[in-house]
Structure formats: structure tokens, C-alpha cells
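# Observations on the model geometry
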Amino acid sequence: MELLPRSPGEFGSARYWDRFFRQRGQRPFEWYGAFPELCPVLHKYVRPRDKVLVVGCGNSELSEQMYDTGMCEDIVNIDISDAVIRQMQERSVSKRPKMSYLQMDMLQMDFPDSHFQVVLDKGTLDAILTDDEEATLSKVDRMFAEISRVLQVGGRYLCVSLAQAHVLKKAVEYFSQEGWVVRVHEVAISGDKQQFVLPVFVYVMTKFRKIPGSAPQILEICPEEQDKPVRVESAERLVEAVKDRQHYALVCSQLSKTPCGDQLSLDLCDKGSGKPRYTLHVVDSPAVKASRDNRFAIFIIPQGRETEWLFGTEEGRRQLAASAGFGRLVTVALHREQRYEGMASIQAELSGKVMELAPPGLPARQQVPFLSVGGDIGVRAVRHCDTSPLSGEYVVEDVKGDDARYFRRLVFLSNRNVVQSEARLLDPAPPSGQKKRRKDKKKPGPAEPPTAIDKSYLCCEHHKAMVAGLCLLGSPDSLPGAPIAVLVVGLGGGSLPLFVHDYFSQAHVAVVEIDPSMLEVATHWFGFSQGDRMQVHIADGLDYVAKLAAEAPAQYDAVMFDVDSKDLTVGMSCPPPAFVEKPFLWKVKAILKPEGVFVLNLVCRDTQLKESVLAVLREVFPLLYARRIDEEVNEILFCQPSPEGRRDLVELGVRAQALEGTLQQLGRPWDSSYVLADMLQAITIL
């Protein structure tokens, strides 16, 4: 500890460095890695015939090793400390005649202009730029001006640094404004990661003549694992890219030392585009008794299934890790914008990177298993991409489920981990006649996903619960054929209103949808259609309900809200907060018939906000039932305007069972897994 300065300002003091090197003696002091780690970057920019200046050389062996390996011999080393210069002259002068050591202040060098092809700085800039004080910045400007003066046009200033944000920003802004090309390399540091946590970078600033006017800046970054530089658009973006690498290194260091308490999430980006290619979650299971063979595994989530509870929630991933029986499990989600060749190629691509996330004590050559569902990466086919002025970017995609059935999904890319709408696709009819005998033994290609929508099946559990809530209306025996009026706010893919229309033969369904793009999506991709009993109104649900309340009250048997919020900063994603404000809820109550039911899909992670919503609902509706959806945040609320409609829970189950029996007798296709009574088993009266 006695070798450290009392204040950062002492890093610029010759007296401090003289004392430092006298106390340290002959032992080399290597700032930020040794020659073997730096060599792969240095050899790209230092040629054997270059005249090289090393500023702030200290007693590092870097210059000596560059000389001894033949990388370069014409090397001039300078340092502000006379003690270290004498030490290095004694060590090298007889062995390396073409290399020299001079005591000199790099802020005021004696060399002529354009004297060197390379200026090499290993940690010196970091030692000087310790703060943002005016005096410090002025000193750095003098340092940069002197380096610029002694470098030839086309020469390179190579600065080895830990790339603290203020240091990198200062260097990049100064030299890019001078018209230089700036490139940042990450250096692979070997050895004990517990001793060296932060990654090391080399800034490569190449001198060009300054062009009058506003010439475009050329800024690039070269991550450790690739040679090809990636262009970035601004100094701020370059600093952010370096911060990402530093954060990743810090996370890997922490994971290599201790178990991960909370689940960590990381994005691994595509080298070319810079867009996320893999999303990783690190899950530790303390309850698992880890042995040599079950300490660490990688789980590839099949494409399109990353939104499922088991893979898309912390609790689900925790359950997955425990059931898999591994002490640490890394789940890997694949992104829809990327292409993947198969499990083998993903394993080859990820093997080196995921080992950096291994638990403490895992042997370096330990074989790590790659797991998945069914041993493949799943199927995802993007059918349609577009942008809506109201909903933003969205995609329609077909994915293969765990039962080999295909599903069509609508996803808003502003909230890409949530499936907005989903429909099951019908299996294609088997071909008629006998199968043709194959003349070759080639493996058949993957079958094309079906395209027809299975309108008899509701994929979303909350939609099933919302339909089950209709048993609160009238007699279950006569309800399917009764002339009921239903208002649905929020169309999405149209599955909910379409099911009500098809299975309640006399129901007249009005749908309110604010986004006309969603009507096009529902019609073209989800089998939705309008008719005498199904009408869609393109309008704001708030305005539409308010107008009905004023002009035509008490006309609906059921009002259903299944509308998402575009504001992701609120802890309630469904519905938007304005839809559950008291004045508006009074208008909802006004358009209901006295014996009607208001069905609300509530998705709220904010406990306090949820309680306030429930309190307002109780004030407006005297009768309130709730049904939690298992393994989801959704809660379906059934609100009735009159307390006289109260029924006990046993009666609700009986009514739901009777309603289901009546619906099954209509002769339409009916999925055997769809049990209305089950939807009401866990209902509570609030």
C-alpha cells in the first residue's frame, strides 16, 4: 500500500515516481497486461522499420520484448523519473544498442516535428487524467498536442488504457475533432481473472491531415473475439460500447467467484449488425447438490417459446433449473431478427462465451451439456412485419409448440416478450390415396406450417376465463341461443370476439379498436371477419363508451375489456390507467343492462396500484368476482351492477359446466382441453 500515491495528482509528479521505482527496485511494473496479451494488437500497427516513442515507459518490459522478438528495434523510451531511466539504461543499453532511454517530460519533448511513426502509451494517460479539473485537462491537452506534433501523418498513437469513461471520451473527442481515425481494441487478458477484473483496451489513433470544414468522424471498435472493426456513429456510442464490455467483464468476474443470488440477464450481440442475437439468463439453484457432472449446463429455449412462463419469468426459470438438476443453468433465448442453422452451430458459437459464466471451481476442460426441449431449436417463421403509427413495429409469426402443433402470434416489438394475440393453426388434411414410394433415401425437409386458423380453440387462458364469465348471464341452457349484446374493447387478433360470435349463435358482437392496422392484421392473418352479428368500430374505447353512455345506455349484456397499455413505464400493462378511473367506470356501468356483467382483463405488477384499482371497482360495482390465471400476471375481474345477481361459487361452477355442455351440443368443433368449469374453480368474491 505504501507504493500508492496519497492523492491522484501525485501521478504527475516526478518526485512520486522516483520514490515509487526506488522502493519497487528492479521488479518490472506492468500496467494493464504484459507483452503476450498486447502483442496481437501491437503487431497490427507497429512495423519493424518504424521509429517508436514510448511515453511514460517506467520499468515495464514491453519495449524490451518488442525489441527482442523483432517487432521493432528503433525505440526511444522516455519517463519523467530520472531514477527509473537510470535503472532501465543499466538493464538494456548493452543488450539492445538501437534502443534508448531518456529522462524527459512528455508535455515538453525535445524531438523535432514528425519524428516518429508510432507513439506508444501504456497506462500513462490514465495516470495523468485522474479527474476533470481544469488544470488536469489542460495538462492532457498539452500531452496530446505534443504527441500530435512528433507523429508523422499516417502515424499511430497507441494508448493502452482501462478506458474509464472520462478518459476514453477525452481522447476520442480530441483526436476525432483533429480529423484522426479512432479505433478501440479490447485486449484478451489471460491469467487469474479474480486478480484482474476490468478489461484492457488499446486506443489506436491514426493521424490524418485535418480537412477544413466538417469531415465525417471515423470511429470504430474491435471487440476481443473479432478482428473486423465495427463502425459506430458517435463518440457517445463508442463510450457506451466500451461500457458494455466492461460491464460484461465485471459480471463474469463476479460469477466466477460467488453464486448468483438474483438472476442475471445479458445480451450477446451480432458482430455485424450490433443487434442482440442471444439473451442469456444465469440461474443458480442452491438446493441442488452439485457434483462434478451437474454443476453447469446451457439450455437453448426453442424459437418462439421464450414468452412462455417456464422460460420467460424468473420463477419459471428457477423451476426449470431445479428440475434440470444443475447447480447453475444458463438459459439462452434466440431472437427473431437473427438466423440460426441448428443446435450444432449455436453450440459452436456459444461454447467459448458461455464458459466465461461458469460457476466457481469448474475445471477449464469440463464438458458442459447443451440442453433443449426435444433436442432442437424449434421453428419460428415470420409471416408479416409492419409498423403502425399507434402500436409501433409488430410482427406476425408462426411458431411450433411443445406438442408439435403450430401457433400464430402477434407481437408488438415495443414489448417483445409479451404475446399480444395467439391462435392455433389447423393441421393440414392428410393427402388422399397411397403414399408415393420414395426413390431416394434423402431426409425429407421440414414440413411447412399450416395456414388455416383453428377458431374452436382459445390459446390464451385469460380469454377462456372471460368467456366462462358469461355464465353469469341468464340460464346456461338457453344462453348460447339467446340474443345477447356484447361489447369487446380491444381487437388484437380477434380470437375473443370471434369465439363469442361463433359459439353464441344469437350474440351480436361490437368490437372497438383504436388502431386500424390491427383490423387488417386480424382479418388477413387470424381469420377474423365481420358480418351481420359482428361489427368493428375504429375508435378510441374511451370516447366510444362515453358516447354510448350519453346516447344509448343500458344496451349491453356483457362488456369485455382486453386492451393493452402503450405506456410501459406504468406498472399496469392492461388496461391503460384511464380505463379504470372512476368517472369512466360509471359510464361502463351505464351502458350495461341491470343484470349484465363487465369483464376486465387486469395485468398489474404494482401491488399498490392494483389495490387502488380494485377499490375503485368496488365503489362502482357492488358485486365483484376475481379469477387469477395460473402462472400468469393476468387476473380476470367479473363486475356486476346489481348485488341481487350474487351467486355462490358452487352455483357458478354448476352453471359453467351446464354452459359448456350446451355449447358442445351445437355441433361445432370443440377442443377437449377447454373446460369452462375449470376456469371458475379458483374464482373468489371480492
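Residues numbered from 1 in each chain as written. Predicted model: local features only at pLDDT ≥ 70, side-chain atom pairs only at ≥ 80, totals over all residues. Heavy atoms only, no water.

The protein chain goes by eEF1A lysine and N-terminal methyltransferase in an unreviewed UniProt entry, where it is assigned to Alectura lathami. Recorded in UniProt for the protein chain, the comment headed Sequence similarities (unreviewed entry) runs: "Belongs to the methyltransferase superfamily." (UniProt positions renumbered as here; feature names shortened; annotations may be inferred.)

## Quick notes on the overall build of the protein chain
If you tally the helices and strands in the protein chain, you get 19 helices and 27 strands. For the protein chain, buried positions account for 51% of its 686 residues. Considering only intrachain contacts with a sequence separation of at least 6, the fraction spanning at least 24 residues in the protein chain is 70%. When the accessible surface of the protein chain is split by element, carbon and sulfur atoms take 51% of a total near 32,800 Å². (Helix = DSSP H or I, 4+ residues; strand = E, 2+ residues; numbered from the N terminus. Buried < 20%, exposed > 50% of the residue type's maximum accessible area, 1.4 Å probe, protein only. Contact = heavy atoms within 4.5 Å. Areas by Shrake-Rupley, 256 points an atom, 1.4 Å probe, with all protein chains shown as cover.)

## Considerations on the side chain of Ser161
Mapped onto the elements of the fold, Ser161 is located in strand 5 (residues 151–161). A distance of 2.8 Å separates the side chain of Ser161 from the backbone nitrogen of Ala163, its partner in a polar contact. At a separation of 2.8 Å, a polar atom in the side chain of Ser161 contacts the side chain of Tyr203. When neighbours within four sequence positions are excluded, Ser161 is seen to be in contact with Tyr32, Asp126, Val167, Val200, Phe201 and Tyr203. (Polar contact = N/O pair within 3.5 Å; in protein donor to acceptor, adjacent residues only side chain to side chain.)

## Focus on the packing of helix 7 (residues 165–177) against helix 8 (residues 235–257)
In the contact formed by helix 7 and helix 8, the axes pass within 10 Å of each other and the chain directions differ by 145 degrees. The crossing of helix 7 and helix 8 is right-handed. Of the residues in helix 8, those in contact with Ala165, Leu168, Lys169, Val172 and Glu173 of helix 7 are Ala235, Glu236, Leu238, Val239, Val242 and Lys243. (Axes fitted to C-alpha atoms, helices over the stretch in contact; angles between N-to-C directions. Left-handed = near helix turned anticlockwise from the far one by under 90°.)

## Section: the nonpolar core
Ranked by internal contacts, the top residues of the largest apolar core, which has 43 residues, are Leu53, Leu125, Tyr157 and Tyr203. In terms of residue count, the dominant contributor to this core is helix 7 (six residues). Setting aside anything within four residues of it in sequence, one finds Tyr203 in contact with Leu125, Tyr157, Leu158, Cys159, Ser161, Ala163, Val167, Leu168, Ala171, Arg183 and Val184. (Core = buried A, V, L, I, M, F, W, Y, C linked by side-chain atoms within 4.5 Å.)

## Regarding the packing of helix 12 (residues 461–468) against helix 13 (residues 495–503)
With their axes 10 Å apart at the nearest point, helix 12 and helix 13 run at an angle of 40 degrees to one another. Judged by the angle between their axes, helix 12 and helix 13 are oblique. Helix-helix and strand crossings are classified by hand; for helix 12 and helix 13 the assignment is right-handed. Contacts between helix 12 and helix 13 involve His463, Met466 and Val467 from the first element and Ser495, Leu496, Phe499 and Val500 from the second. Of the residues belonging to the contact of helix 12 with helix 13, the class tally is five nonpolar, two polar and no charged. (Parallel < 35°, antiparallel > 145°, perpendicular 65-115°, else oblique. Nonpolar A, V, L, I, M, F, W, Y, C, P; charged D, E, K, R; others polar.)

## Quick look at the packing of aromatic side chains
In this structure the tally under the stated criterion is 15 aromatic pairs. Taken together, a centroid distance of 5.6 Å and an interplanar angle of 50 degrees make the contact between Tyr278 and Tyr340 tilted. Highlighted residues: Tyr278 in strand 11 (residues 276–284) and Tyr340 in the loop between strand 13 (328–334) and helix 11 (343–354), separated in sequence by 62 residues. For the pair formed by Tyr278 and Tyr340, the shared burial category is buried. A ring pair is formed by Phe579 and Phe584, whose centres lie 5.5 Å apart and whose planes are at 75 degrees; its orientation type is edge-to-face. Each residue in the set Phe144, Tyr157, Tyr174, Phe175 and Trp180 is aromatic and connected to the rest through ring pairs, giving one cluster. (Phe/Tyr/Trp six-rings, centres within 6.5 Å; stacked < 30°, edge-to-face > 60°.)

## Re the sheet that holds strand 1 (residues 52–55)
Note on sheets: strands pair through backbone hydrogen bonds, and any given pair is parallel or antiparallel. The sheet built from nine strands is open, its strands ordered 3-2-1-4-5-7-6-8-9 with mixed pairing. The sheet is open, and its two edges are formed by strand 3 (100–103) and strand 9 (230–232), each paired on a single side. Averaged over neighbouring strand pairs, the angle between their axes works out to 20 degrees when direction is ignored. Strand direction decides the pairing type here: strand 6 (residues 181–187) and strand 7 (residues 200–206), joined by seven bridges, are antiparallel. Across the sheet, Val187 pairs through a bridge with Val200, a residue of strand 7. Contacts from helix 2 (residues 35–45) reach strand 4 (116–122), strand 5, strand 6 and strand 7, with the element oriented near 155 degrees to strand 6. Of the strands in this sheet, strand 2 (75–79) and strand 3 touch helix 4 (residues 82–92), which is tilted by about 165 degrees from strand 3. (Pairing = 2+ DSSP bridges.)

## Observations concerning unusual backbone geometry
Comment: phi is negative for the bulk of residues other than glycine, and the bulk of peptide bonds are trans. With an omega of -5 degrees, the peptide bond between Cys574 and Pro575 qualifies as cis. Within the secondary structure layout, Pro575 lies in the loop between strand 23 (572–574) and helix 16 (582–591). The phi torsion at Ala554 lies on the positive side, around 50 degrees, for a residue other than glycine. A relative accessible area of 38% places Ala554 in the partly exposed class.

## Focus: the side chain of Asp398
Take Asp398: it is sitting in strand 16 (residues 392–400). Within polar-contact distance, the side chain of Asp398 engages the side chain of Arg383 at 2.9 Å.

## Some remarks on the environment of Gly70
Mapping Gly70 onto the fold places it in the loop between helix 3 (62–68) and strand 2. With relative accessibility at 41%, the residue Gly70 sits in the partly exposed group. With 23 residues separating them along the chain, Gly70 and Arg47 place their C-alpha atoms 9.6 Å apart.

## Topic: the pairing of strand 13
With seven of seven residues buried, strand 13 lies mostly within the body of the structure. Burial along strand 13 is two-sided: the face carrying Arg328, Val330, Val332 and Leu334 and the face carrying Leu329, Thr331 and Ala333 are both buried. Two strands pair when backbone bridges link them, and strand 11 and strand 13 are joined in this way by seven bridges, in the antiparallel orientation. Each bridged residue has a counterpart across the sheet, and for Val283 the counterpart in strand 13 is Leu329. Here strand 12 (residues 296–300) pairs with strand 13 via five bridges, running parallel. Looking at strand 13, one finds that Phe299 is bridged to Thr331.

## Some thoughts on the sheet that holds strand 12
The mixed open sheet is built from five strands, whose spatial order is 10-11-13-12-14. Each having just a single partner strand, strand 10 (264–269) and strand 14 (370–372) make up the two edges of the open sheet. Strand-to-strand twist in this sheet, taken as the mean axis angle between neighbours without regard to direction, amounts to 25 degrees. Along the sheet face, helix 11 touches strand 10, strand 11, strand 12, strand 13 and strand 14 and points at about 130 degrees away from the line of strand 14.

## Considering the confidence of the model for the protein chain
Per-residue confidence for the protein chain gives a mean pLDDT of 83; residues scoring 70 or more make up 82%. In this model, residues 1–14 is a region of pLDDT below 50 whose contacts with residues beyond four sequence positions or in other chains number 22 contacts. Note that residues 431–446 has pLDDT below 50 and, in this model, zero contacts with residues that lie over four places away or in other chains. (pLDDT = per-residue confidence, 0-100.)

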